[in-house]
Amino acid sequence: MPDFIMKNICKSFPGVKALDQANFHASRGDIVALLGENGAGKSTLIKVLCGEHKPDEGEIIFEGKTLKIQNTRSAIEQKICAVYQELSLVPELTIAQNLFLGFYETGKTRMVSEKDMEQKTRDLFVEYGLEPLDPGMQVKKLSLAQKQVLEILKALNREGEIMIFDEATSALSEKYANWLMDIIRRLAEEKKIIIFISHRLDEIRKLCNRVIVFRAGTDVADMKMEEAENDELVRLMLGREIGGYYPKKEVFTKEETAIEMRNVTSGHKLTDVNLVLRKGEILGVGGLAGQGQSELFLALFGLIPYKGEIVINGKTVSLGSPRDAIKEGIALIPEERGLQGVVLAQSIRENIVLSSLNRIKNHLFLSEEKERRIVSEMMDAFAVKAESPETLVGTLSGGNQQKVVLAKQLATNPDILLMFDITRGVDVGTKKEMFNVVKKYASEGKAILFFSTDTEELVNVCNSIIVMNHGRVAGRIDDEELITRENIIRVSMGEKAV
Amino acid sequence: MKGNVIFKKHQNLIFSYLAALLLFAAISVYKPGFASVNHIKVLAQESAIIGIVAIGQTFVIITGGIDLSVAWMISIAAIMVTRLGGGGNEAMIWSVPLILVMTVFFGLVNGACIAYLRMPPIVMTLGMNIILQGGLVAVTQGAPGSYASDLLVVLGQKAFLGIPWLLWIWGLFTVLAMLLLFRMKYGRELFAIGNNSVVANYSGINVNAVIMWSYGFSGLTAGLAGILLAGKVGSSYLGMGDALQFQSIAAVAIGGTSMMGGSGNYLGSVAGAFTITILLGILAALNLPYGVQKMAYGLIVLGSVLMAARKIKNSR
């Protein structure tokens, strides 16, 4: 009998059956991949396990004993620890305070010693082979990737027997993703139970020994990893065949320049960037993590001040705020969708028109008819799956939320699209839809600047690639034949693409 | 099904009105005179003043802020309208616009400091309230105001077609507020900012300007309420707006607008204004000592705010 069993778990939310007789099991030393589309029930299963949701039915058994999980704290006390897809760090607190939040051993004095906590933090960095950060630094000053690493460290620090990694690699660079995989292997050797959720099949294949596939709220397959074919897995996840993962590459690049950056500098993060983006072009932005890619996008959307010139249609523009950028026909799909992309507590309808309120105005008042037209047009264009336009965005699955972000930013009818990691934490089926959308917009002559943490995606989607290093454009690869993962790394190290 | 959806969406609103009605029915049984036509008119006039102050307060609270300077904006408006140019009917042609421009300006100063200089709303508006108080005391040298003009007395105390003038005015401003909140761009921006100002900024909304103007509106409605209050009372005195500060905030909270910002409806604040007036009426009718009345009033209002807040939480 397996050491850990979740049996016949059911969980309903108003209007949705998120889990329907779902099962899961694992033995000590297993690394089990949990696969499924967004909305298949993976996250709900994890939330049930971690005490965030109470199941309507079902049983959780660990080493022959039925677990009673009342809330998140009781889950952690029973050695169930998770790294969540959505970050759970407190931005205003320091690294050390976040790591020990709620779980600091105070002893009799009931006092927290900052010094002791910071020392323990340094030890943790060493123990897990990380470059040490200042434990007294506020978390809000960290990059997204650093925050994700910290999130992982926080879970590791709680020393669970059952460890869950929900999309933990989606914000990490390749280097840190490899670091995490080494740690996970080490945990498995220590006979812990690992549940690993990721949308990157190559990663799962490298790491996991078993795979359980979820579809429509229940488990549909349980296989040994080496016996599972990629196509088979994708078919199981979707319940239907899908063709090639990436759409066929075509070039829609025109002669005319859509936007040009001349000697753009911003703080220490962007230095002397020169860049030409043409109409219909899909220009990828590559390089190691944190080399100024994020700042490049922020500067182009008026979110950080810059020196130098940005030229659109032959005219020098001043991008002092997102409002200016939208007026100039620029749209940004931002990095953190729940914090920057959509208002989770508002409806799909309210979100979709939020960036384009001027388009639904009749003089003084908003026109319900115009609003309805734009909302239904955009919901169709991006195949947003929801009961109605009045559904709150916060209740949608991650992939559908991302579609609403795209719908909202593209409702402004932009000419220049800045897409920052649009497939982060999105399932295979939705990814494919998104690549098709990118291609469609390029074919309509829109200029697209495309960043992804997944180099594979850059290689398969973009017509040209710029590689960034230390805030500068280290090089540009235009020849279709030369766009490969190896060349992107070569260029970032200052060599030529071959 | 459809009716059910509508009920759910407006649950907070419906509960606010039910609460007001229930209170009213209960006291009417106990004190039959309470439900007489004349007394209802008095209650409506009281509510109108609270309700008008609550318009701007609702806007500000939807952004996640609060306006604690309405007390002395009201006093300033009331004192000025009875004293400028002798306080007669003719003087009002210029004194009323002047007063409103002034209170809007004070509101905009609040808003500018909160939005652009990142002052916490509680500190900023409380500071403004004290400055206004000091300023008014300095200028008037502590002397009370004067009598309201005939026209103001008509607006504040008389009725038109059987309905008090104050209700007509309140109704007009309620319609305007609802249009602004739910039919115009400004309202959408207000709600988006209250929920998540980062997303609002990324969506191209001029977040600072929208916040600044919400305080400007609050200045406008406080000024208007002060002018009308002078008419209702028949004269003006220092500190006559003090009670309205808490009442306007409580009306918004009882009406189901979240004190955290991001959701709400002015129609709820209207119900909240009625609830508070009825409550004060009940406490007065019970013949309790003044101190006990005050305490009971504070406790009951806090209790209903708590209940409203729990309802908001559950319906989310």
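Residues numbered from 1 in each chain as written. Chains lettered and ligands numbered in written order. Predicted model: local features only at pLDDT ≥ 70, side-chain atom pairs only at ≥ 80, totals over all residues. Heavy atoms only, no water.

Peer 1: Talk me through the overall build of chain A; I want residue IDs and the actual numbers.
Peer 2: For chain A, the count of helices and strands is 17 helices and 22 strands. Relative to the 2.2 N^0.38 estimate, which gives 23 Å for 498 residues, the radius of gyration of chain A is 23 Å and therefore close to what a compact globule would have. On the principal axes, the C-alpha backbone points of chain A span a range of 70 × 50 × 50 Å. Here chain A, with 498 residues, has 54% of them falling under the buried criterion. A separation threshold of at least 6 residues defines the contact pool for chain A, and within that pool the share at least 24 residues apart is 67%. Just so you have it, chain A exposes about 21,800 Å², and 49% of that area is on carbon and sulfur atoms. (Helix = DSSP H or I, 4+ residues; strand = E, 2+ residues; numbered from the N terminus. Rg over C-alpha atoms; globule rule 2.2 N^0.38 Å. Buried < 20%, exposed > 50% of the residue type's maximum accessible area, 1.4 Å probe, protein only. Contact = heavy atoms within 4.5 Å. Areas by Shrake-Rupley, 256 points an atom, 1.4 Å probe, with all protein chains shown as cover.)

Peer 1: Explain the pairing of strand E12 (residues 270–278) of chain A to me, using residue names and the numbers behind them.
Peer 2: All names here are of chain A. Both strand E11 (residues 257–266) and E12 contribute to a ladder of 6 bridges, which runs antiparallel. From the neighbouring strand, Thr-257 faces E12, where its bridge partner is Arg-278. Hairpin connection of E11 to E12: 3 residues between the antiparallel strands, including Gly-267 at a positive phi of 50 degrees. (Pairing = 2+ DSSP bridges.)

Peer 1: Could you give an account of the interface of chain A and chain B, naming the residues involved and the relevant values?
Peer 2: Interfaces are frequently sized by the accessible area removed from exposure as the parts join. Chain A puts 32 residues into the contact, and the matching count from chain B is 19 residues. A buried area of about 2,200 Å², summed over both sides, lies between chain A and chain B, and 59% of it is on carbon and sulfur atoms. Scanning the region where chain A abuts chain B turns up 2 salt bridges. For Arg-188 of chain B, the salt bridge goes to Glu-371 of chain A, with nearest N and O atoms at 2.9 Å. Taken together, the connections running from chain A to chain B amount to 7 residue pairs in polar contact (both at pLDDT 80 or more). Among the elements that make up the side of chain A that touches chain B, the one with the highest residue count is helix H11 (residues 337–341) of chain A (4 residues). For the side of chain A that touches chain B, a count of residues per class yields 18 nonpolar, 7 polar and 7 charged. (Buried area = accessible area lost by both parts, 1.4 Å probe. Salt bridge = Lys/Arg side-chain N within 4 Å of Asp/Glu carboxyl O. Polar contact = N/O pair within 3.5 Å; in protein donor to acceptor, adjacent residues only side chain to side chain. Nonpolar A, V, L, I, M, F, W, Y, C, P; charged D, E, K, R; others polar.)

Peer 1: Break down helix H4 (residues 114–127) of chain A for me, with residues and values.
Peer 2: All names here are of chain A. Counted at 1.5 Å a residue, the expected span for H4 with its 14 residues is 20 Å, and the 20 Å between its end C-alpha atoms agrees. Within H4, burial applies to Met-117, Thr-121, Leu-124 and Phe-125. End-on, the buried residues of H4 take up no more than an arc of 100 degrees, which puts them together on one face. Opposite the buried face of H4, at more than 90 degrees from it, the exposed residues are Lys-115 and Val-126. As for H4, its buried residues are in contact with helix H3 (95–99) and helix H5 (144–157). Looking one or two places after H4, you find Gly-129, whose phi comes out positive at around 65 degrees. (Expected span 1.5 Å × (residues − 1). Arc of directions from axis to C-beta.)

Peer 1: Mind laying out the pattern of salt bridges, listing which residues take part and the relevant values?
Peer 2: Residue and element names in this part refer to chain B. All told, the structure shown has 25 salt bridges over all chains when counted by the stated rule. Between Lys-185 and Glu-189 there is a salt bridge, with its nearest N and O atoms 4.0 Å apart. Highlighted residues: Lys-185 and Glu-189, both in helix H9 (residues 185–195), separated by 4 residues, approximately one helical turn. Using a relative accessible area of 23% as the deciding quantity, one classes Lys-185 as partly exposed.

Peer 1: An account of a negative patch on the surface is needed here, citing residue identities and associated values.
Peer 2: Together, Asp-123, Glu-127, Glu-159, Glu-189 and Glu-190 of chain A make up a region of like negative charge exposed at the surface. Along the chain, the position of Asp-123 of chain A falls in helix H4. (Patch = residues over 30% accessible without salt bridge, like charges linked within 9 Å, V, L, I, M, F, W, Y side chains within 5 Å. Lys, Arg positive; Asp, Glu negative; His and termini not counted. Charge placed at Lys NZ, Arg CZ, Asp CG, Glu CD.)

Peer 1: Which residues make up the nonpolar core, and what values do they have?
Peer 2: Within the largest apolar cluster, 131 residues are counted, with the highest numbers of intra-cluster contacts made by Met-378, Phe-382, Met-419, Ile-448 and Phe-450 of chain A together with Tyr-266 of chain B. Among all residues touching Met-419 of chain A, those that are not within four sequence positions of it are Phe-297, Ile-333, Leu-406, Val-438, Ile-448, Leu-449, Phe-450 and Phe-451 of chain A. Leu-150, Met-163, Leu-201 and Leu-236 of chain A belong to the second-largest nonpolar core, a separate cluster that totals 54 residues. (Core = buried A, V, L, I, M, F, W, Y, C linked by side-chain atoms within 4.5 Å.)

Peer 1: Summarise the packing of helix H3 (residues 37–62) of chain B against helix H8 (residues 165–182) of chain B; cite the residues concerned and give the values.
Peer 2: All names here are of chain B. Contact geometry for H3 and H8: axes closest at 9 Å, N-to-C directions at 15 degrees. Taken as axis vectors, H3 and H8 run roughly parallel relative to one another. You can see that H3 and H8 cross each other, and the crossing is left-handed. The segment H3 lies against H8, with Ala-44, Gln-45, Ser-47, Ala-48, Ile-49, Gly-51, Ile-52, Ile-55, Phe-59 and Ile-62 engaging Leu-166, Leu-167, Ile-169, Trp-170, Phe-173, Ala-177, Leu-180 and Leu-181. (Axes fitted to C-alpha atoms, helices over the stretch in contact; angles between N-to-C directions. Parallel < 35°, antiparallel > 145°, perpendicular 65-115°, else oblique. Left-handed = near helix turned anticlockwise from the far one by under 90°.)

Peer 1: Can you explain the packing of aromatic side chains? Please cite residues and give values.
Peer 2: What the rule picks out here adds up to 17 aromatic pairs over all chains. Judged by centre distance (5.0 Å) and plane angle (35 degrees), the rings of Tyr-246 of chain A and Phe-435 of chain A are tilted. With Tyr-246 of chain A in the loop between helix H8 (230–238) and E11 and Phe-435 of chain A in helix H15 (residues 428–443), the pair connects residues that are 189 residues apart, well separated along the chain. Take Tyr-246 of chain A and Phe-435 of chain A: they sit in the same class, and that class is buried. Through successive ring pairs, a cluster of aromatic residues spans Phe-59, Tyr-186, Trp-213 and Phe-217 of chain B. (Phe/Tyr/Trp six-rings, centres within 6.5 Å; stacked < 30°, edge-to-face > 60°.)

Peer 1: Tell me about helix H6 (residues 174–189) of chain A, residues and numbers included.
Peer 2: All names here are of chain A. With 16 residues, H6 ought to run about 22 Å at 1.5 Å a step, and its terminal C-alpha atoms sit 23 Å apart, in line with that. Restricting attention to buried positions, one finds in H6 the residues Ala-177, Trp-179, Leu-180, Met-181, Ile-183, Ile-184, Leu-187 and Ala-188. For H6, the elements touching its buried residues are strand E3 (31–35), H5, strand E7 (162–166), strand E8 (193–197) and helix H7 (201–207). After H6 finishes, the residue Lys-191 shows a positive phi value of roughly 65 degrees.

Peer 1: Talk me through the domain arrangement of chain A; I want residue IDs and the actual numbers.
Peer 2: Residue and element names in this part refer to chain A. Its domain assignment divides chain A into domain 1 (4–238) and domain 2 (257–492). Computed from C-alpha atoms alone, the centre-to-centre distance between domain 1 and domain 2 is 30 Å. On the side of domain 2, 20 residues touch domain 1, which itself brings 21 residues to the contact. Applying the counting rule to domain 1 against domain 2 returns 0 salt bridges. Our enumeration of links across domain 1 and domain 2 arrives at 0 residue pairs in polar contact (both at pLDDT 80 or more). The set of elements that each furnish at least two residues to the side of domain 1 that touches domain 2 consists of H5 and H8. (Domains from an automatic or database assignment.)

Peer 1: Outline the packing of helix H4 (residues 70–83) of chain B against helix H5 (residues 92–115) of chain B, supporting the account with residue identities and numerical values.
Peer 2: Residue and element names in this part refer to chain B. At a minimum axis separation of 10 Å, H4 and H5 run at an interaxial angle of 160 degrees. Taken together, the axes of H4 and H5 lie roughly antiparallel to each other. The two elements H4 and H5 cross, and the hand of that crossing is right-handed. Touching Met-73, Ile-76, Ala-77, Met-80 and Val-81 of H4 are Met-92, Ser-95, Val-96, Ile-99, Met-102, Thr-103, Phe-106, Gly-107 and Asn-110, all from H5.

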